[in-house]
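Take a look at the letters that make up each chain.
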Amino acid sequence: MKKILLGLVLIGGQLIFAQKVTGAKVESSPKKEQQATISKEKVSLYNDNFLTFVEALQASDRKTIDGLLSEKVKEIVTDEVLKKVKAGIDPSKKLEILKAGYYKTMDGVNHPSIKYKYAGESSSKEVITAVFEDDGKILGVLPVQ
């Protein structure tokens, strides 16, 4: 009985480790390569849209805000979310661009983003990040608080 069991274990072990994978293909991702930098025209467009968004946010102008938001996020952006974003941006301070680049979202796609700091502050601890679609619509805002 022990010999039969030992034989089955040896044959089974060899079969498990001897299997080949055939027909495996590595498919290329359909994602396009992004440029390392964002053009000045695009940065200007994104900046104008974000500053308009901040003004509309401070004035509680929901119609303007909805016009600036991406279709992907309109359904999840509630008044409560807008209140949190509004609380994280100080309207008395002027925003200036700290850095423009790309932000990788959870789905693995790189989107243009701009990091803002308050004018006159030397430290970059209080940074506001705005993430955009290529057409300038706002995908997300990560406020200071």
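Check the entry above for the structure.
Keep in mind it's a predicted model, so treat the numbers as computed, not measured.

### Looking at the side chain of N49
Inspection of the secondary structure puts N49 in helix α2 (residues 40-59). Accessibility expressed as a relative area gives 17% for N49, which makes it buried. Not counting chain neighbours up to four residues away, the residues in contact with N49 comprise L68, G136, K137 and I138.

### Digging into the environment of T105
Along the chain, T105 turns up in the loop between β1 (95-104) and β2 (110-118). Using a relative accessible area of 21% as the deciding quantity, one classes T105 as partly exposed. Side-chain polar atoms of T105 contact the side chain of D107, separated by 2.3 Å.

### Some details on the packing of aromatic side chains
Summed over all chains, the structure comprises 3 aromatic pairs. Arranged with centres 4.6 Å apart and planes meeting at 20°, the rings of F50 and Y116 form a pair that is stacked. Of the two residues, F50 is situated in helix α2 and Y116 in strand β2; the sequence distance between them amounts to 66 residues. Assessed through its relative accessible area of 0%, F50 is described here as buried. Put simply, the rings of F50, F53 and Y116 touch in pairs and so form one group of aromatic residues. Here the basic side chain of K93 rests over the ring of Y118, its NZ or CZ set 5.0 Å away from the ring centre.

### What about the environment of K40?
Along the polypeptide, K40 turns up in helix α2. Separated by 60 residues in sequence, K40 and A100 have C-alpha atoms that sit 9.7 Å apart.

### Some points on the pairing of strand β3 (residues 127-132)
Burial runs high along β3: 6 of the 6 residues are buried. A two-sided burial pattern is seen for β3, the buried positions comprising V127, T129 and V131 on one face and I128, A130 and F132 on the other. As judged from the 5 bridges shared by β2 and β3, these two strands associate in the antiparallel manner. Pairing of K117 across the sheet is with V127, part of β3. Examined bridge by bridge, β3 and strand β4 (residues 138-142) share 4 bridges and lie antiparallel to one another. Its bridge partner being in β4, F132 is matched across the sheet by I138. The antiparallel pairing of β3 with β4 creates a hairpin that spans 5 residues between the two strands, and G136 there sits at a positive phi of about 100°.

### Observations regarding the environment of V85
Residue position: V85 is located in helix α4 (residues 79-87). Each C-alpha atom of the pair V85 and P143 lies 5.9 Å from the other, and the pair is 58 residues apart in sequence. Not counting residues within four places of it along the chain, the set of residues in contact with V85 comprises F53, L57, V141 and P143.

Rules used in this analysis
- Residues numbered from 1 in each chain as written.
- Predicted model: local features only at pLDDT ≥ 70, side-chain atom pairs only at ≥ 80, totals over all residues.
- Heavy atoms only, no water.
- Helix = DSSP H or I, 4+ residues; strand = E, 2+ residues; numbered from the N terminus.
- Buried < 20%, exposed > 50% of the residue type's maximum accessible area, 1.4 Å probe, protein only.
- Contact = heavy atoms within 4.5 Å.
- Polar contact = N/O pair within 3.5 Å; in protein donor to acceptor, adjacent residues only side chain to side chain.
- Phe/Tyr/Trp six-rings, centres within 6.5 Å; stacked < 30°, edge-to-face > 60°.
- Lys NZ or Arg CZ within 6 Å of the ring centre and 35° of its normal.
- Pairing = 2+ DSSP bridges.

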